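Secondary and tertiary structure notes
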Amino acid sequence: MLSQRFEYNVSNQQTRQFKDAIRLFATKEEVKTYNMKQLSDLKNGITGAQEPVARIKAKHNCCKAMKATTDQAEGLEANLYLVKDCKIMLRQNLWTEKGLVNGARGRVHDIIYQKNDVEFPSVILCEFDTYTGPSLIPNSKSMTLDKAVVDIGDREFALGLTYVALTRVRSLDHLIIAPFIFNRMEKINNHKQFIERRDFMNWLHYNDCSLIIPT
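Residues numbered from 1 in each chain as written. Predicted model: local features only at pLDDT ≥ 70, side-chain atom pairs only at ≥ 80, totals over all residues. Heavy atoms only, no water.

**Focus: helix H2 (residues 28-41)**
Relative to the 20 Å expected for 14 residues at 1.5 Å per residue, H2 spans 20 Å between its end C-alpha atoms, a close match to the ideal helical length. Taken residue by residue, H2 has Val31, Tyr34 and Leu39 as its buried positions. Buried residues of H2, viewed axially, fall in a sector of 135°; they line one side. Of the exposed residues in H2, the ones pointing more than 90 degrees away from its buried face are Glu29 and Thr33. (Helix = DSSP H or I, 4+ residues; strand = E, 2+ residues; numbered from the N terminus. Expected span 1.5 Å × (residues − 1). Buried < 20%, exposed > 50% of the residue type's maximum accessible area, 1.4 Å probe, protein only. Arc of directions from axis to C-beta.)

See below:
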């Protein structure tokens, strides 16, 4: 059933309808690779020339911060790449009353530099409306999407990753899936957390116990 939505089984007409669909990937590296390609492909709407890519280097406040990984920095990148008209997503609540919340989606309207500082922009103008760029699968847990293109990767990095990826839309017709071999699904049964959960549930059943969930 899922194979019917593999990219090569979807008609060209349907594929075109997914041109602006959000893309969900299993790993951060896949997100970065896709984003960089999209940035480099952006063209000026008037001249048709390629838009310059701004590389914005983080200003660290200590040596420890300079050496920190993206995960340790709560998602902050050491280098941020932006292009005028590129798609963006907020990663924290800024102004909840006005909709500037974690997960809000939009685009970069303009990047403004001071004449004497071409390394760090003084202003990045953004507008937030409907986001259709790529995202990491775990970040999409609370989303219900009109359309999505999904790549679940070659293994289950975290238990539930495949479930989250494939259930962001209301119907399979709203989904395009990067092809995968079906032992990829079988690997879920061998995931450490799945085995631990299965063993625990079996233990509960064997000992005639039930889970008590606090309310």
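**Quick word on the environment of Val10**
Summarising the element assignment, Val10 is placed in the segment before helix H1 (12-17). A residue is classified by how much of its surface remains accessible, and Val10, at 7% relative accessible area, is buried. In this structure, the C-alpha to C-alpha distance between Val10 and Ile176, residues 166 residues apart in sequence, is 7.5 Å. Val10 has contacts with Gln4, Arg5, Thr15 and Ile176, leaving out every residue within four places of it along the chain. (Contact = heavy atoms within 4.5 Å.)

**Quick notes on the pattern of salt bridges**
Applying the stated criterion to the full structure yields six salt bridges. Of the charged contacts in the structure, one is a salt bridge between Lys37 and Asp41, with a shortest N-O distance of 2.8 Å. Here Lys37 and its partner Asp41 are both found in helix H2, four residues apart, which amounts to about one turn of the helix. Taking the relative accessible area as the measure of exposure, Asp41 reaches 37% and is therefore partly exposed. (Salt bridge = Lys/Arg side-chain N within 4 Å of Asp/Glu carboxyl O.)

**Thoughts on the side chain of Thr162**
Tracing the backbone shows Thr162 in helix H4 (residues 161-166). Sequence-distant contacts of Thr162, defined by excluding residues within four places in its chain, comprise Ile152, Glu156, Arg184, Met185 and Ile188.

**Quick word on unusual backbone geometry**
In most cases, non-glycine residues show a negative phi, while peptide bonds are predominantly trans. If you check the backbone angles, Asp85 has positive phi at about 80° while not being a glycine. Summarising the element assignment, Asp85 is placed in the loop between strand S3 (79-82) and strand S4 (87-89). Residue Asp85 is classed as partly exposed on the basis of its relative accessible area of 35%.

**Comments concerning the nonpolar core**
Residues Ala148, Val150, Leu175 and Ile177 are the most contacted members of the largest nonpolar core, which totals 16 residues. Listed by contribution, the elements that provide at least two residues to this core are strand S1 (22-25), strand S8 (148-151), H4 and strand S9 (175-177). No other element matches H4, which puts three residues into this core. In contact with Leu175, other than residues within four places in its own chain, are Arg5, Phe18, Ala148, Val150, Ala165, Leu166 and Val169. Counting nine residues, the second-largest nonpolar core is a separate cluster that includes Ile56, Val83, Cys86 and Ile111. (Core = buried A, V, L, I, M, F, W, Y, C linked by side-chain atoms within 4.5 Å.)

None of this, on its own, says anything about what the molecule does.
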